Amino acid sequence: MATGFGFDIHRLVAGRTLVIGGLKIDHPRGLEGHSDGDVLLHAVIDALLGAAGKGDIGDRFPDSDPKFKGIASAKMLASVLHDVGDWRIVNVDVTLLAEEPKLGPRKRSIAANVSKLLGGAPVNVKAKTAEGLGPVGNREAIACFAVVELAKA
Ligand code: MG
């Protein structure tokens, strides 16, 4: 067994589509990023890479590389899954931090979509606000933490 931890934070900006866990969320602002800015999938990717001892998301998808511009994070995840294919995903636990939009009502559908992207692995998504504190609390950003448990397949 191996455990991996991932964290990510992206700025909320006008003129972008909000994508979280591979799902489009109806909101006037979206997450800035070289990719689609999917903060949840980025945290999960780093947790997967951490558990498998395979570096981090920036090694694989450098934001200096134009070929990754606008890439769907679900595609990045599929590539990483291929590279950790000698592991089985036992559990994925995610905590989203967002002041807006309120993600509580979407957490189950987000979890179901992430599970689908992970080939049916168990996924739990928790949604919290930052109680008005810091960049998340100021509605400038959305952050995400993820823990992944892997077992040798
Ligand atoms: Mg990111």
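Because the structure is a prediction, the values reported are computed rather than measured. Sequence order as written defines the numbering, with residues in each chain counted from 1. Per-residue local features of the predicted model are confined to residues with pLDDT of at least 70, and side-chain atom pairs are confined, for both listing and counting, to 80 or more; whole-chain, interface and lining totals are unaffected and use all residues. Side-chain figures throughout are based on the complete set of non-hydrogen atoms in the structure, without hydrogens or water.

### Regarding the coordination of the magnesium ion
- Here the coordinating atoms are restricted to nitrogen, oxygen and sulfur within 2.8 Å of the metal centre, or 3.2 Å for Na, K and Ca, and because water is not among them the sites may look incomplete. Surrounding the magnesium ion are the protein donor atoms Asp8 (OD), His10 (NE2) and His42 (ND1), at 2.1 to 2.2 Å.
- When the donor residues of the magnesium ion are listed from N- to C-terminus, their spacing reads D-x1-H-x31-H. An identical accessibility class is assigned to Asp8 and His10; each is buried. Residue exposure (1.4 Å probe, protein chains only): buried if accessible area is under 20% of the type maximum, exposed if over 50%, otherwise partly exposed.

### Section: the environment of Lys126
- Elements are defined by DSSP. Helices are runs of H or I of four residues or more, strands are runs of E of two residues or more, and each kind is numbered from the N terminus. Mapped onto the fold, Lys126 is located in strand E6 (residues 123-128).
- The exposure class assigned to Lys126 is partly exposed, which follows from its relative accessible area of 30%.
- A sequence separation of 15 residues divides Lys126 from Ala111, and the C-alpha atoms of the two residues are 9.0 Å apart.
- Apart from residues no more than four positions distant in its own chain, Lys126 is found in contact with Asp93, Val94, Thr95 and Leu96.
- Any pair of N or O atoms that falls within 3.5 Å is considered a polar contact. Within protein, one atom must be able to donate a hydrogen and the other to accept it, and sequence-neighbouring residues count only if both atoms are side-chain atoms. In terms of polar contacts, Lys126 uses its side chain to reach the side chain of Asp93, at 2.7 Å.
- Within polar-contact distance, the side chain of Lys126 engages the side chain of Thr95 at 3.1 Å. Any pair of residues with heavy atoms lying within 4.5 Å of one another is described as a contacting pair.

### Re the sheet that holds strand E5 (residues 87-97)
- Any two strands between which DSSP finds at least two bridges are classified as paired. Strand order in the open sheet formed by five strands is E4-E1-E7-E5-E6, and the pairing between neighbours is mixed. Both outer strands of the open sheet, strand E4 (29-31) and E6, are each paired with one neighbouring strand and no more. Recorded for the sheet is a direction-independent mean angle of 20° between the axes of neighbouring strands.
- Strand direction decides the pairing type here: strand E1 (residues 2-14) and strand E7 (residues 141-152), joined by ten bridges, are antiparallel. Paired with Asp8 across the strands is Cys144, a residue of E7. Here an axis means a line fitted to C-alpha atoms, over the contact stretch when the element is a helix, while the angle between two N-to-C directions is reported on a 0 to 180 degree scale.

### Some remarks on the nonpolar core
- We define a nonpolar core as any set of buried Ala, Val, Leu, Ile, Met, Phe, Trp, Tyr and Cys residues linked to one another through side-chain atoms lying within 4.5 Å. Among the nonpolar cores identified, the biggest contains 45 residues, and Leu40, Leu48, Leu96 and Leu118 are the most heavily contacted of them.
- Excluding residues within four positions of it along the chain, Leu40 makes contact with Ile20, Gly21, Val94, Leu96, Ile110, Val114, Val125 and Cys144.
- Judged by nonpolar contacts, the second largest core, of five residues, contains Leu97, Ala130, Val136 and Ala141.

### Overview of the pairing of E5
- Looking at chain direction, E5 and E7 are connected through ten bridges and run antiparallel. Counted as the bridge partner of Ile89 is Leu150 from E7.
- Handedness of the β-α-β unit built from E5, helix H4 (residues 107-117) and E6 comes out right-handed. Crossover handedness is defined by viewing with both strands directed away from the observer: a clockwise path from the first strand over the helix to the second marks the crossover as right-handed.

### Observations regarding the environment of Val136
- Secondary-structure assignment places Val136 in helix H5 (residues 134-137).
- Residues contacting Val136, with those up to four places away along its chain left out, are Ile9, Leu97, Ala98, Glu99, Ala130, Ala141, Ile142 and Ala143.

### So, the packing of helix H1 (residues 39-52) against helix H3 (residues 73-83)
- Here H1 crosses H3 at 10°, and the two axes come no closer than 10 Å. Classified by the interaxial angle, the pair formed by H1 and H3 is roughly parallel. Residues Leu41, His42, Val44, Ile45, Leu48 and Leu49 of H1 lie in contact with H3, whose contacting residues are Ser73, Ala74, Met76, Leu77, Val80 and Leu81.
- Residues that form the contact of H1 with H3 fall into these classes: ten nonpolar, two polar and no charged. Reported orientations rely on four angle classes, namely roughly parallel under 35 degrees, roughly antiparallel over 145, roughly perpendicular from 65 to 115, and oblique for the rest. As a working rule, the residues Ala, Val, Leu, Ile, Met, Phe, Trp, Tyr, Cys and Pro are called nonpolar, Asp, Glu, Lys and Arg charged, and the rest polar, with Gly in that last group.

Any functional reading would require information that these geometric values do not contain.
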